Amino acid sequence: MLEKLIKSAIVSSRIIKIYDEKLDRTVRPTLNIFIRKPFGFGFSTMAKELEEKRLANYVNDFTVAGIVGTVRQGRIYTGSLANSGYRLTIFDEVMTLENKAKKLLNELTEQGTATRSLQGYVEKRIEKAVTGGKYIAEEGKLTLQIHTACIFGTASEQILQDTDIKMLFSRCFCLNLAMDKGEAVKLKKEGRRIRIDTKRIPEEPIDKVVLPEDMNDMLLEKIEEEGLVPETEGGYYTRCHDDLIRLSAVHCVARKDNTINEKDVKFALQFYNLHQVGYLGTQLSEVALMILDVCNGKTAQEIAEKVGLKKSQVYKYLNTLQNLNLIGKVGNKWTKRI
């Protein structure tokens, strides 16, 4: 499920807009992911591999100037974020960013822009085009408009104590990853690898994906059912709905269409309970996510063979996933709850 989510975020960065026919509105298409991971997870290794495949831009700057850029003598000098157009942007250890940079990430996820105040006044408006966006410098500000989806990572357990990071957390599909000793040893033996099939990732940006009213109703009917997140947290459900729309659009584009259908909605709904579990802060290991991904009507033995574990080991993860209401059992076969 982790790799499937990352691929979805990459595809979403190639979609320009999603049109919601029901409410006659445009939905921001980019899917953002927040990963709270254990120390030693290999996040930077994963980020560098995606960057080498030209699917992502791994940003290592911790200041607003380094991320956005600057203006000197009437000329715009680009920052590291300028390389993110129509790609994934990866930020690691977001808790270590300076406060202004944390606010910048909220602007980026909400508006698709990154703005910094300049020390000097810009006498005339300056523009500079970059892939997937452009710079605008005027008066005392430099703004980068950039079309990108983001993955944010941190090993800190204090994210909810930081107002800006808490706000960022609420705007993302969240995963709280755990890693036990056995998984750590396996990681050290095999290394961190990310397997992304690029065949269905569009090479060129997709102008528009349409969400028909009946498909939106199908998503809303599911959300109206009793959920894992308390009903008093209505704000969560509005943002979850938008993420499900984005996942539907991703599947639509992957099958080379621009109108969302029932198959696309069903693809999105397989992530619904996981989205809620992530928001609630429940930890799941990467192995558990792998097992969740293959729970599509398989027996425990078939799942064990698929993920390369003993049947006795698989039962531990199946019980955890079942207790979280992520999977169900019919006879001797396990399947995701949708």
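Residues numbered from 1 in each chain as written. Predicted model: local features only at pLDDT ≥ 70, side-chain atom pairs only at ≥ 80, totals over all residues. Heavy atoms only, no water.

**So, the sheet that holds strand 15 (residues 327–330)**
How we decide: Pairing between strands is defined by DSSP: at least two bridges between the two strands are required. Put simply, DSSP marks the helices as runs of H or I at least four residues long and the strands as runs of E at least two long, and each gets a number from the N terminus on. Between N-to-C directions, angles span 0 to 180 degrees; the directions come from axes that are lines fitted to C-alpha atoms, helices contributing only their stretch in contact. Only heavy atoms enter the contact rule, under which two residues are in contact if any of them lie within 4.5 Å.
The strand order across the open sheet formed by three strands is 14-16-15, and the pairing between neighbours is antiparallel. Lying at the two open borders of the sheet, with one neighbouring strand each, are strand 14 (296–299) and strand 15. Pairs of neighbouring strands in the sheet enclose a mean axial angle of 30°, with direction left out of account. In the sheet, strand 14 pairs with strand 16 (residues 333–336) via three bridges, with the strands oriented antiparallel. Paired with threonine 299 across the bridge in strand 16 is lysine 333. Helix-sheet contacts for helix 12 (residues 300–307) involve strand 14 and strand 16, and the interaxial angle to strand 14 is about 95°.

**A word on the nonpolar core**
Operational definition: Here, the term nonpolar core denotes a set of buried Ala, Val, Leu, Ile, Met, Phe, Trp, Tyr and Cys residues that are joined through side-chain atoms within 4.5 Å. Summary of the burial criterion: residues with accessible area below 20% of their type's maximum are buried, those above 50% are exposed, and those between are partly exposed, where the area comes from a 1.4 Å probe applied to protein chains only.
Of all hydrophobic cores here, the largest spans 75 residues; its most connected members are Ile6, Leu50, Leu88, Ile90, Leu274, Ile291 and Leu318. No other element matches helix 8 (residues 234–254), which puts ten residues into this core. Apart from residues lying up to four places away in sequence, leucine 50 is in contact with Ile6, Ile10, Leu55, Ala56, Leu88, Ile90, Ile194 and Ile196. With 34 residues, the next largest nonpolar core counts Ile67, Val71, Val94 and Cys172 among its residues.

**Structural notes on the sheet that holds strand 1 (residues 18–20)**
Pairing between the strands of a sheet is mediated by backbone hydrogen bonds and can be parallel or antiparallel. Read from one edge to the other, the open sheet built from three strands follows the order 2-1-12, with strand pairing classed as mixed. Edge strands, defined here as strands with exactly one partner in the open sheet, are strand 2 (25–27) and strand 12 (209–211). Taking each pair of neighbouring strands and ignoring which way they run, the sheet shows an average axis angle of 30°. Direction of pairing for strand 1 relative to strand 12: parallel, over a ladder of three bridges. Bridged to aspartate 20 within strand 12 is leucine 211. Running over the sheet, helix 8 touches strand 1, strand 2 and strand 12 and is turned about 75° from strand 2.

**Focus on the pairing of strand 15**
Sheet topology note: the strand 15/strand 16 ladder contains four bridges and is antiparallel. Bridging from a neighbouring strand, valine 330 pairs with lysine 333 of strand 16. Here strand 15 hands over to strand 16 after two residues, with glycine 331 in that stretch at a positive phi of 65°.

**Thoughts on the packing of aromatic side chains**
Convention followed: Each aromatic pair joins two rings of Phe, Tyr and Trp (for Trp, the six-membered one) with centres within 6.5 Å, and gets the label stacked for planes under 30 degrees apart, edge-to-face for over 60, and tilted for any other angle.
Under the defined criterion, the tally for this structure stands at six aromatic pairs. Ring centres of phenylalanine 91 and phenylalanine 152 lie 5.7 Å apart, and the angle between their planes is 20°; this geometry places the pair in the stacked category. Of this pair, phenylalanine 91 sits in strand 7 (residues 87–91) while phenylalanine 152 is found in strand 10 (residues 148–154), placing the two residues 61 residues apart along the sequence. We note that phenylalanine 91, like phenylalanine 152, is buried. Ring centres of phenylalanine 267 and phenylalanine 271 lie 5.4 Å apart, and the angle between their planes is 70°; on these two criteria the pair is classed as edge-to-face.

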